[in-house]
Each structure stands twice: as structure tokens, then as C-alpha cells.
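For reference, the chains in residue letters:
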Amino acid sequence: MSASVLKTSVDPKSPEFEKNTRRIVDLLTKIKNEEEQIRQGGGAKAIEAQHKKGRLTARERIAKLIDPGSQFFELGIYAAYEMYEEWGGAPSAGTVTGLAKVCGRTFMLIANDATVKAGAFFPMTAKKVIRAQNIAIENRIPTIYLVDSAGVFLPLQEDVFPDTDDFGRVFRNNAVMSAMGIPQITAIMGMCVAGGAYLPVMCDHILMTDGSGLFLAGPALVQAAIGQKTSAEDLGGAKMHSQISGTVDFREPDDDACIKRIRALVDKIGAPNPSPFSHTKAREPLFSAEEIYGIFSSDPGKQYDMREIIARIVDAGEFEEYRAESGETLLCGYSRIGGWAVGIVANQKKHVQTLARGSDQKRIEFGGVIYTESAEKAARFILDCNQNRIPLVFLHDVNGFMVGKDAEWSGIIRAGAKMVNAVANSVVPKITVICGGSFGAGNYAMCGKAYDPRFMFAWPTARFAVMSGDAAASTLAEIKLKQLEREGKKVDEKQKKELVESVRATYEHQTDPRYAAARLWVDAIIDPAHTRDALVWALEAAALNPDIREFKTGVLQT
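Keep in mind that what you see is a predicted model, and the values were worked out from it rather than measured.

K.L.:
Any chance you could explain the environment of Tyr 444 here in plain terms?
P.N.:
Structurally, Tyr 444 can be placed in helix H16 (residues 440-445). Residue classification places Tyr 444 among the partly exposed positions, given a relative accessible area of 40%. Here the alpha-carbon distance between Tyr 444 and Phe 122, two residues 322 residues apart in the chain, equals 30 Å. For Tyr 444, the contacting residues outside a window of four places in its chain are Val 423 and Tyr 451.

Here is the structure:
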């Protein structure tokens with residue numbers, strides 16, 4: 001079988017390559033240092049307090065639970081970043097979530113971090129747990145909960161309790177997952193109180209360690225409510241729930257014993273249904289993934305060839321490019337990643353010389369811009385991937401759709417709507433990686449957050465918003481200046497410059513991937529050199545769901 005193998009023309013010794021590498025390495029160093037700080041949770045004193053109770057921290061529990069020598073693929077580590085600072089912050093939203101191998105099976109792990117405000121639920125904690133559950137639901141991933149939580153963070157209860165993406169949705173998802181046949185195991189390894197007490201009881205297996213507590217109301221609240229005095233152990237200890245209420249399936253003396261029991265239970269779970277997606281033995285990429293650092297340029301004025309990025313992600317450098325000579329600012333093609341067949345839709349950042357539609361006039365198409373022909377090509381390619389049960393991977397570095405008279409006359413709105421329709425109604429798994437810019441409707445067409453990607457990752461160089469920082473800063477500053485003029489205030493050139501810079505700084509902060517990750521708009525900020533690893537995790541997870549609904553697009557503006 002012949003295959004199209006990507007070649008490379010990269011010069012690792014060029015000044016541009018070295019400059020790009022330094023920039024990404026600097027960004028990665030900063031992010032990895034921040035992540036290490038986040039992993040400390042509530043800090044050394046809080047970790048020591050947890051150990052004094054004879055309990056492990058959330059991350060220590062996960063390290064013992066997963067298969068020896070395997071990796072924990074963490075999701076949402078930046079959740080609540082720079083938020084709740086008036087309450088001392090909530091590193092990683094006080095909970096740890098991610099994918100891991102347990103007895104060779106892929107699991108979603110959700111663990112309360114009791115070193116952060118006793119594992120209390122902040123608004124973003126609930127959203128993070130729900131996001132992890134939604135990933136588990138979409139991909140049919142069995143889930144393990146390690147519970148150690150004081151319940152809702154009461155000062156912010158109005159933002160935790162009532163809405164569809166708040167605390168109560170967690171237990172609703174427990175019920176839905178159970179009905180769907182997604183295995184759920186819960187281990188109570190600390191406090192589990194109030195509404196949170198429903199989570200373990202709605203799962204398949206309930207384990208509980210001695211010294212833990214499970215009750216709808218703690219001793220103090222019980223006394224205040226009904227005047228009854230009781231100890232925490234008598235009210236809802238492991239022995240009581242094991243011997244008297246019958247709520248707990250397995251009572252364990254400590255964390256280590258509990259983790260061993262979880263692994264013993266996982267070992268007996270039946271095999272998942274066969275995957276509907278093509279999978280063969282994985283082959284390594286032809287070129288070093290670290291070279292992505294030097295190839296990629298986050299400078300809007302610079303060009304690079306996205307094929308060079310793809311060549312360092314896909315198996316054996318093989319990329320069957322679809323309609324390679326049409327709509328060249330979008331690359332579409334078939335590959336394998338970790339043995340999994342995928343369809344790739346990627347923004348090409350090189351400018352392209354082509355012929356204007358319907359004439360022999362030459363024109364330049366700008367890299368990173370979606371033109372009519374490229375939108376139509378991508379829409380058709382996405383239809384083919386759905387027809388043939390091939391998961392889709394989107395690689396973003398997009399400025400948006402082309403504008404202007406020529407673009408409008410060519411039907412850019414109609415073509416863009418066709419592509420958005422295909423993405424919105426796609427039934428195969430969609431995985432999105434934001435490499436550089438992801439602006440305006442280009443974000444939508446390339447399967448942004450609103451279009452239900454199974455997973456959404458971002459490089460440290462990612463930026464996404466309605467428009468780029470410079471354009472937005474100029475527009476917002478102009479609006480502000482006109483407002484000041486209407487109020488009769490005169491603004492000199494220095495003040496104008498300061499206003500523009502202030503607006504730009506605010507806007508740039510909000511387009512930073514950490515700002516997005518704090519709000520769970522992306523699932524993880526990933527090292528560009530580890531893009532393939534992240535995609536393999538995502539594809540393996542997506543393959544656990546054998547159900548693909550019928551593909552329908554509705555009305556297409558042809």
C-alpha cells in the first residue's frame with residue numbers, strides 16, 4: 001500500500017528556528033514552574049496536617065492507584081487559577097482530575113484535595129468535576145472518585161448550589177452514568193458530608209476507610225437542628241455504615257488498603273465493547289517532536305508550514321492530503337496517530353499564490369485565513385470522515401474568515417456556514433488543539449469549545465478571542481475615546497497611548513491560555529512536543545464509546 005510521506009526542509013541551525021525555540025522553552029518553563037506550585041495544593045502545612053490524620057494527599061493516592069510506571073494525564077490543573085484570591089485561592093479548584101491506567105484499563109480519576117480548604121467545593125470545583133464527568137459520559141470512561149471533602153464552600157454557596165452546571169449536577173451525572181452502564185467506584189477517604197454524601201451512594205461500589213465520615217449533617221448541625229448529641233463516628237463512621245446502615249460495601253483500615261481493594265475490584269470489571277474506529281500498531285513519527293519548538297512561530301507576521309508540525313505528530317510521517325491543490329490555507333488529510341486513524345483539519349500559515357475563483361487572475365491567499373474554497377473543502381472532508389467513522393483532529397492557528405468584496409462575492413458566508421454546519425453536526429469524536437491564534441468565527445469553524453470537542457488542548461502560545469489583541473485594543477480604545485469626547489473631556493496623545501496600552505494589557509491577559517484553562521475553556525495546556533501523547537490519550541478514551549449516532553447535517557446552503 002503506497003502512502004504519502006511528509007518531507008522536511010527545516011534548518012535547526014537557522015536564527016529563526018533558534019528564536020522560536022527560545023520563546024516556547026521560556027513559556028514552557030514558566031508554565032511548568034506554575035504547575036509544580038499548583039501541585040502543592042494548600043501548601044506544606046496543609047499536607048503535613050493531612051499526613052497527621054494518617055491520610056495521603058489526593059496526588060499521593062493517585063500515584064499509588066495507577067499502574068506502576070504509568071503516567072497520570074492530568075486535566076484541569078489550571079482550574080481556578082488567579083481566582084478566589086480574597087479567600088486565599090483554590091489551587092486546581094481543590095480537586096484533581098485526569099486519565100490514568102488502572103489494571104491496564106483507562107479510567108477517569110476525580111479526587112478531592114483536602115489540603116485546599118478541606119476539599120470544599122468552590123464554584124469552579126463543581127464545574128471541574130462536572131467537566132470530568134462529561135468527558136467520561138461522552139467517551140464511556142469508567143470513573144473512580146476519591147472523596148475527601150467538607151462539602152460546599154459556604155461563603156460562595158449561591159454560586160455553587162442552584163444552576164445546571166453547579167453542585168447538584170454532579171449527582172445527576174452519577175445517576176446518568178450508572179444508567180448508561182459506565183462503571184463508577186467511590187472511595188470515601190476522609191469527610192463526605194451534606195449533599196456530597198449522595199455521590200458515593202449513587203455509584204456501583206462504595207469503599208470507606210476507618211476514621212472517615214459519611215453523613216447528610218455533621219454532629220454540630222444535628223445538635224442545632226434536632227438537639228441530638230452524637231459523635232462523628234456513631235453518626236456516620238465507617239464501622240457504623242459497614243455494620244449498621246449497610247451503606248458501605250467495603251470497609252478498609254487505611255488509604256493503602258483501600259487503594260489495593262479498588263485495584264482488586266477494577267481487575268474484575270468486564271471488557272469494554274469493541275471500538276468502531278480503525279486501529280493498527282503504532283509507528284513513531286519520522287522527525288523529532290522537539291523540533292516543533294523551532295518550527296512554530298507565534299509572531300502573526302511570520303509564516304511557517306503546518307505540514308512540518310503534522311509530520312512530527314503522525315505515525316511514520318504519513319499524511320494522505322485531501323484536495324491538496326485547492327483551498328490551500330486549510331490542510332485536510334488522513335493519518336494515524338498512535339495507530340488510530342484520524343482526519344486532520346489544520347490551518348496552513350504559509351501564504352499561497354493561487355488563481356482567483358472563476359478567472360485566470362493570480363492572487364495571494366494569506367496563511368491562517370479561511371477562504372471560500374478552503375471552507376468548502378473542509379466541510380466536504382468532515383462529511384467524509386463522518387461517513388467513514390474517522391475521528392477528527394483540529395489544529396488551530398486561525399485569524400478568521402476572509403473579508404472584503406471579493407470574499408463576499410465568492411460566497412464566503414455560505415461556505416463558512418457549510419463548514420460550521422458540518423462541524424456542529426459531526427458525530428465522530430472531535431479533538432481540538434489550539435496551537436496559535438484562534439479568533440472570531442475561525443474558532444467556531446475549527447471546532448472551538450462551543451462545538452463539543454471531546455477534548456480541547458492548548459499550547460502555551462495559544463491565543464483565542466473575538467479578534468487579535470492589537471485589533472481589539474485599537475477598537476476598544478477608540479470606543480472609549482469617543483465616549484470621553486461625548487462627555488466633553490479632552491484627551492491628549494499621551495493619554496491616548498496610555499489608554500490603548502491599558503486596554504491591550506487587559507485584553508492580552510484575557511486571551512492567555514491560562515486564563516482560559518482557569519475557566520475550563522480548555523482541558524489542559526500541553527507541551528507542543530507532547531501533542532502526540534495528548535492526542536493518543538484522547539483517541540484511546542474516545543474509542544471506549546462504541547456508539548455513533550446517525551449523521552445528519554440538516555439544511556446546507558449550497
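K.L.:
Help me out: how do you make sense of the packing of helix H3 (residues 58-65) against helix H10 (residues 255-266) in this one?
P.N.:
The axes of two packed helices give the description: the angle between them and the distance between them. At their nearest, the axes of H3 and H10 sit 10 Å apart, and the two run at 45° to each other. The orientation of H3 with respect to H10, classified from their angle, is oblique. Crossing handedness for the pair H3 and H10: right-handed. Here Arg 61, Lys 64 and Leu 65 of H3 lie close against H10, whose contacting residues are Asp 255, Asp 256, Ile 259, Ile 262 and Arg 263. For the contact of H3 with H10, the per-class residue count stands at three nonpolar, no polar and five charged.

K.L.:
What's the story with the packing of aromatic side chains in this structure? I'm lost.
P.N.:
Each aromatic ring pair is summarised here by two numbers: the centre-to-centre distance and the angle between the ring planes. Enumeration according to the criterion identifies 14 aromatic pairs in this entry. Pairing Phe 167 with Phe 171 gives two aromatic rings, centres 5.0 Å apart and planes at 75°, and the pair type is edge-to-face. Placement of the pair is Phe 167 and Phe 171 together in helix H5 (residues 167-179), with a separation of four residues, close to one helical turn. With centroids separated by 6.0 Å and ring planes inclined at 20°, the aromatic side chains of Phe 455 and Phe 457 adopt a geometry described as stacked. The residues Phe 455 and Phe 457 share a single accessibility class, namely buried. Every member of this aromatic cluster is reached through a ring pair, and the members are Phe 73, Phe 455, Phe 457 and Trp 537. Its end group placed over the ring of Trp 409, Lys 405 keeps NZ or CZ at 5.1 Å from the ring centre. The ring centre of Tyr 515 lies 3.6 Å from the NZ or CZ of Arg 519, which sits over that ring.

K.L.:
Got a minute to help me understand the state of the cysteines in this structure?
P.N.:
One way to say it: the disulfide is the covalent bond shared by the sulfur atoms of two cysteines. All chains considered together, the criterion is met by zero disulfides. Left unpaired, Cys 192 is separated from the closest cysteine sulfur, that of Cys 203, by 9.8 Å. The closest cysteine sulfur to the non-disulfide-bonded Cys 258 is located on Cys 192, 13 Å from its own sulfur.

K.L.:
How should I be thinking about the side chain of Ser 149 in this particular structure?
P.N.:
One can find Ser 149 in strand E4 (residues 143-149). Look at Ser 149 and you get buried, because its relative accessible area is 6%. For Ser 149, the side chain forms a polar contact with the main-chain oxygen of Gly 119, separated by 2.7 Å.

K.L.:
I'm lost on unusual backbone geometry in this one. Help?
P.N.:
Glycine aside, residues mostly have negative phi, and peptide bonds are mostly found in the trans state. Non-glycine residue Arg 140 carries a positive phi angle of around 55°. Secondary-structure assignment places Arg 140 in the loop between helix H4 (123-139) and E4. Judged by its relative accessible area of 24%, Arg 140 falls in the partly exposed class.

K.L.:
Help me understand H5 in this model?
P.N.:
For an α-helix the count is 3.6 residues per turn, leaving residues at separations of three or four pointing the same way. Along H5, the residues classified as buried are Phe 167, Val 170, Phe 171, Asn 173, Asn 174 and Met 177. The buried residues of H5 occupy an angular sector of 155° when projected down its axis, which confines them to one face. Elements in contact with the buried residues of H5: H4, E4, strand E5 (184-193) and helix H6 (198-201).

K.L.:
Would you explain the packing of helix H13 (residues 372-387) against helix H15 (residues 412-425) in this entry?
P.N.:
Orientation of H13 relative to H15, taken along the N-to-C sense of each, is 25°, at an axis distance of 8 Å. When the axes of H13 and H15 are compared, the pair comes out roughly parallel. The way H13 lies across H15 gives a crossing that is left-handed. Residues Thr 372, Ala 375, Glu 376, Ala 378, Ala 379, Ile 382 and Leu 383 of H13 touch H15, and the partners they reach there are Ile 412, Ala 415, Gly 416, Lys 418, Met 419, Ala 422 and Val 423. Across the contact of H13 with H15, the residue classes tally to 10 nonpolar, two polar and two charged.

K.L.:
Would you explain the pairing of E4 in this entry?
P.N.:
With seven of its seven residues buried, E4 lies for the most part within the structure. Here E4 shows a buried face lined by Thr 143, Tyr 145, Val 147 and Ser 149 and a second buried face lined by Ile 144, Leu 146 and Asp 148. Tracing the backbone out of strand E3 (residues 105-112), into H4 and back to the parallel element E4 gives a crossover that is right-handed. A crossover links E4 with its parallel partner E5, the connecting element being H5, and its sense is right-handed.

K.L.:
Teacher, can you tell me more about H15 here?
P.N.:
In this model, H15 (14 residues) spans 20 Å end to end at C-alpha, consistent with the 20 Å of a helix rising 1.5 Å per residue. Considered for burial, the residues of H15 that qualify are Ile 412, Ala 415, Gly 416, Lys 418, Met 419, Asn 421, Ala 422 and Val 423.

K.L.:
Would you mind going over the pairing of strand E12 (residues 352-355) with me for this structure?
P.N.:
Sheet topology note: the E12/strand E13 (residues 362-365) ladder contains four bridges and is antiparallel. Of the residues in E13, the one forming a bridge with Gln 353 is Ile 364. The turn joining E12 and E13, which pair antiparallel and follow one another in sequence, is formed by six residues; a positive phi near 80° is taken by Gly 358.

K.L.:
Even after reading the chapter, I still don't get the side chain of Thr 553, so can you show me in this structure?
P.N.:
Note on placement: Thr 553 falls in the segment after helix H20 (531-542). Beyond its immediate stretch of four places on either side in the chain, Thr 553 contacts Leu 383, Asn 421 and Asn 425.

K.L.:
I'm lost on the nonpolar core in this one. Help?
P.N.:
Within soluble globular proteins, side chains that are nonpolar tend to cluster in buried spots. Counting residues in each nonpolar core, the largest one holds 76 residues, and the members touching the most others are Ile 310 and Phe 457. The residues touching Phe 457, leaving out its near neighbours within four places in the chain, are Phe 73, Leu 75, Ile 431, Thr 432, Val 433, Ile 434, Ala 524, Ile 526, Ala 534 and Ala 538. Ile 77, Tyr 81, Phe 122 and Ile 525 belong to the second-largest nonpolar core, a separate cluster that totals 28 residues.

K.L.:
Explain the pattern of salt bridges here, please?
P.N.:
Here the idea is simple: oppositely charged side chains can pair when their charged atoms come close. Summed over the entire model, instances satisfying the criterion amount to 31 salt bridges. Across the pair Arg 312 and Glu 308 runs a salt bridge whose closest N-O atoms are separated by 3.0 Å. Given a relative accessible area of 6%, Glu 308 falls into the buried group.

Definitions and limits used
Residues numbered from 1 in each chain as written. Predicted model: local features only at pLDDT ≥ 70, side-chain atom pairs only at ≥ 80, totals over all residues. Heavy atoms only, no water. Helix = DSSP H or I, 4+ residues; strand = E, 2+ residues; numbered from the N terminus. Buried < 20%, exposed > 50% of the residue type's maximum accessible area, 1.4 Å probe, protein only. Contact = heavy atoms within 4.5 Å. Axes fitted to C-alpha atoms, helices over the stretch in contact; angles between N-to-C directions. Parallel < 35°, antiparallel > 145°, perpendicular 65-115°, else oblique. Left-handed = near helix turned anticlockwise from the far one by under 90°. Nonpolar A, V, L, I, M, F, W, Y, C, P; charged D, E, K, R; others polar. Phe/Tyr/Trp six-rings, centres within 6.5 Å; stacked < 30°, edge-to-face > 60°. Lys NZ or Arg CZ within 6 Å of the ring centre and 35° of its normal. Disulfide = S-S within 2.5 Å. Polar contact = N/O pair within 3.5 Å; in protein donor to acceptor, adjacent residues only side chain to side chain. Arc of directions from axis to C-beta. Right-handed = clockwise from strand over helix to strand, strands pointing away. Expected span 1.5 Å × (residues − 1). Pairing = 2+ DSSP bridges. Core = buried A, V, L, I, M, F, W, Y, C linked by side-chain atoms within 4.5 Å. Salt bridge = Lys/Arg side-chain N within 4 Å of Asp/Glu carboxyl O.

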